[in-house]
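Listed here are the chains, written in short residue letters.
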Number of protein chains: 2
Amino acid sequence: MLPDLETPVPLVDLARVERNVARVASYARTHGLALRPHVKTHKSPRIASLQVAHGAQGLTCATPREAEVMASASRDLLVAYPPVDPVRAARIAALEADRVTVALDSVEAVEAMARAAGAAGRTVHVYVEMDLGMRRVGVQAVEDAIALARRAADAQWLEFAGLAFYPGHIRQGVAEQDAALATLATQLGEAVEAFAAAGMRPAVVSGGSTPTLWRSHEMGPVTEIRPGTYVYNDRTTAVIGACDWDDCAFTVLATVVSTAVRGQAVIDAGVKSLGREPVRGAADEGFGALLDHPEVTVRSMSEEHGVLDLARTSWTPKVGDRVRVVPNHVCVAVHLFDEVVGVRDGAIEERWRVEARGRAHA
Amino acid sequence: MLPDLETPVPLVDLARVERNVARVASYARTHGLALRPHVKTHKSPRIASLQVAHGAQGLTCATPREAEVMASASRDLLVAYPPVDPVRAARIAALEADRVTVALDSVEAVEAMARAAGAAGRTVHVYVEMDLGMRRVGVQAVEDAIALARRAADAQWLEFAGLAFYPGHIRQGVAEQDAALATLATQLGEAVEAFAAAGMRPAVVSGGSTPTLWRSHEMGPVTEIRPGTYVYNDRTTAVIGACDWDDCAFTVLATVVSTAVRGQAVIDAGVKSLGREPVRGAADEGFGALLDHPEVTVRSMSEEHGVLDLARTSWTPKVGDRVRVVPNHVCVAVHLFDEVVGVRDGAIEERWRVEARGRAHA
């Protein structure tokens, strides 16, 4: 398999990416939702441009580096991360985009962003981030969210633009999802009404992650979604049923380097190629699975070694064989590589840099 | 703390690194052991040169990139990884060093390395890797190891140079370590005698990892050690007692970005800065701890968020505060960054690239 490529090396199946991107764009269009994909998954203008070409209205970023790099792909950037660090806030204020929005949840972040925006002499839009059950970041009470929105609206260089939330806590089975989505829709509806009653009806209600992607239209007043993982998908996305196995577009090509220890095979992809991410909600299920032998998982890892569990397969690997590993969490695996190889019909078509990884100024 | 630095950013305490490097060099000298540090931890010629200046006889690498970059720091390189992939073998054969050694455990690796060495017209030395209990790679039986060594010795461009093993399975308490070390010494002694009886006495017996570093002289016929983590140390090294907490030289400087959810604080260092590595042998102990508040651990993470557990501390973080996180496994954290900031007495002294990270040709 692609014998000229040195392993470990990340492969992207271009036909699958194109299908994944088109499918979500079509879903968003069908339901009248603005699509603002999160670039953290691919960190590549190559893929961001494909998303924009399919109708994404803007892009979502986490880091200043991501935003700087993505300014080449879209003029409308959301940095969905509290701009507390003054250096971070200054980089955001300096972005070469037509419209820049930040999501935040504290007075400190409002003040840091207002100072940086003023210093740069540019308007920055603000989403107020609310916690609707994820318990990570986000204002807890609607009245506090309104107060924060007012503070942003009153700041000279800021403009209140909407509400943001992240439904990362909704991941379970269908029945639990039904109940959680109904709760979410109610929470959001009440929040929007309270904001409206305070004279600050949010123009945008921004949510959506890949696990709940296909049910975003059931999230009440949501107007915008920010899925990331769907471009490549991964073992977790497949296990939770948010994609099929053959929608997994990203794999790490690896070589079997040792079969010396009975009952296992060792490949040259370990933590430094796959990350040590769990399949969400499941322990002890390994750190990835083989695309062509999904019954074979990466049972344990060192930095540059992955140990394949051969207990459930009739496949008998030999030293020198090549395998494609679907990582548990693709966003973390992509972040480990500087370059990605795009393949179609088993042949190399192009290569691109994972340009937005790292922290340096772009 | 270093307010001009944008977070998250990796800091290296230069005084601590110098102390760590000197201490291990002194230990190796005292016991007449050759020191061949593994560069996977720092991936930086800056630190490798310091190790060589303190008497390291050569360097150990895992990837071809590491070896290519480290040729500037040492002329004697060991690639402790099976050269099965022909592209990998060719890069190793092309290294600009005076002496190149590979560790391997299969006939396929001997053949791949012999072909590449022949094509490059250079001699490559071979360590035969034996499994002494780690159960990862390594020939299982001494007679098979001898056969493999003979195969290498008979190959035109290869030269049998010694035995290698990795005592990564020896990590437990002192009593268990005593027993495991005695077993290891016996295994090694018998292996060396069997090789000698076959007319192939190994010139080098290469082992050693940071957890067992200080007991390397109890490992029977060991002549060479390859510790990596000791330059920086990490939370695991401290927890298992192989270093003190104030020997931890590498931290990730992070900013508190949210305290919106009661009972926790969120920092801007998550999986993409710290890695999701366990403290070895302990589950549910978080993914790092604060250098200045070791009772505070990183309880959970997203890609760019780390949630601090405040249950056991009287420290009350505020949004904008800065903290230094000691990661559980420093080698994995270093691999996530392109640049490191060297500090001394709280001030920035220098910066260097993590030059050997990634896979590209150097």
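Residues numbered from 1 in each chain as written. Chains lettered and ligands numbered in written order. Predicted model: local features only at pLDDT ≥ 70, side-chain atom pairs only at ≥ 80, totals over all residues. Heavy atoms only, no water.

As for the interface of chain B and chain A
At the interface, 63 residues of chain B touch 64 residues of chain A. Approximately 5,000 Å² of surface area, both sides summed, lies buried where chain B meets chain A, with 52% of it carried by carbon and sulfur atoms. Three residues, Glu-6, Arg-136 and Arg-359 of chain B, lead the burial of chain B against chain A; their summed loss comes to 14% of the area buried on that side. A salt bridge links Glu-6 of chain A to Arg-91 of chain B, with the nearest nitrogen and oxygen atoms 2.7 Å apart. Inspection of the region where chain B meets chain A yields 36 residue pairs in polar contact (both at pLDDT 80 or more). Of all the secondary structure elements, the ones that give two or more residues to the side of chain B that touches chain A are helix H4 (86-93), strand E10 (250-258), strand E11 (264-267), helix H9 (271-274) and helix H10 (330-334) of chain B. Of the residues forming the side of chain B that touches chain A, the biggest block, 4 residues, is contributed by E10 of chain B. For the side of chain B that touches chain A, the residue count by class is 24 nonpolar, 16 polar and 23 charged. (Contact = heavy atoms within 4.5 Å. Buried area = accessible area lost by both parts, 1.4 Å probe. Salt bridge = Lys/Arg side-chain N within 4 Å of Asp/Glu carboxyl O. Polar contact = N/O pair within 3.5 Å; in protein donor to acceptor, adjacent residues only side chain to side chain. Helix = DSSP H or I, 4+ residues; strand = E, 2+ residues; numbered from the N terminus. Nonpolar A, V, L, I, M, F, W, Y, C, P; charged D, E, K, R; others polar.)

A short note on the confidence of the model for chain A
Per-residue confidence for chain A gives a mean pLDDT of 95; residues scoring 70 or more make up 98%. Note on the complex model: pTM 0.96, ipTM 0.96. (pLDDT = per-residue confidence, 0-100.)

Quick word on the relation of the copies chain B and chain A
Each copy superposes on the other: chain B lies on chain A with an RMSD of 0.0 Å after a rotation of 180° and an axial shift of 0.0 Å. What we have between these two chains is a two-fold relation. Taking the C-alpha atom as reference, chain B places Arg-276 of chain B closest to the rotation axis, 2.9 Å from it. Most of the interface of chain B is mirrored in chain A, where 100% of its interface residues are also at the interface. (Least-squares fit on C-alpha atoms with pLDDT ≥ 70 in both.)

Examining the environment of Glu-295 of chain A
Residue and element names in this part refer to chain A. Looking at the element boundaries, Glu-295 is found in the loop between strand E12 (288-290) and strand E13 (297-301). Sequence separation between Glu-295 and Arg-312 is 17 residues, and the spatial gap between their C-alpha atoms is 6.1 Å. Non-local contacts of Glu-295, meaning those with residues more than four positions away in its chain, are made with Arg-312 and Thr-313.

Some remarks on empty space enclosed by the protein
One water molecule sets the probe size; rolling that probe over the atoms shows where empty space is left. A complete count under the given rule lists 5 cavities of 30 Å³ or more for this structure. Each pocket or cavity is described by its volume, and for the largest cavity that value is around 70 Å³. Val-271, Gly-275, Arg-276, Val-332 and Leu-336 of chain A together with Val-271, Gly-275, Arg-276, Glu-277, Val-332 and Leu-336 of chain B together form the lining of the largest cavity. Each residue belonging to the lining of the largest cavity can be placed in one class, and the counts come to 6 nonpolar, 2 polar and 3 charged. (1 Å grid on protein atoms, 1.4 Å probe; cavity = no way out; pocket = protein on both sides within 12 Å on 5 of 7 lines; lining within 4 Å. Points joined across faces, edges and corners; volume = space filled by probe spheres on them.)

So, the packing of helix H4 (residues 86-93) of chain A against helix H5 (residues 107-120) of chain A
Relative orientation and spacing of two packed helices are given, respectively, by the angle between their axes and the distance between those axes. Residue and element names in this part refer to chain A. Put simply, H4 and H5 touch, their axes get as near as 8 Å, and they point 45° apart. Between H4 and H5, the crossing angle belongs to the class labelled oblique. Relative to H5, H4 is oriented so that their crossing is right-handed. Contacts from Ala-89, Ala-90, Ile-92 and Ala-93 in H4 reach Ala-112, Met-113, Ala-116, Ala-117 and Ala-120 in H5. Looking at the contact of H4 with H5 residue by residue, the class counts come to 9 nonpolar, no polar and no charged. (Axes fitted to C-alpha atoms, helices over the stretch in contact; angles between N-to-C directions. Parallel < 35°, antiparallel > 145°, perpendicular 65-115°, else oblique. Left-handed = near helix turned anticlockwise from the far one by under 90°.)

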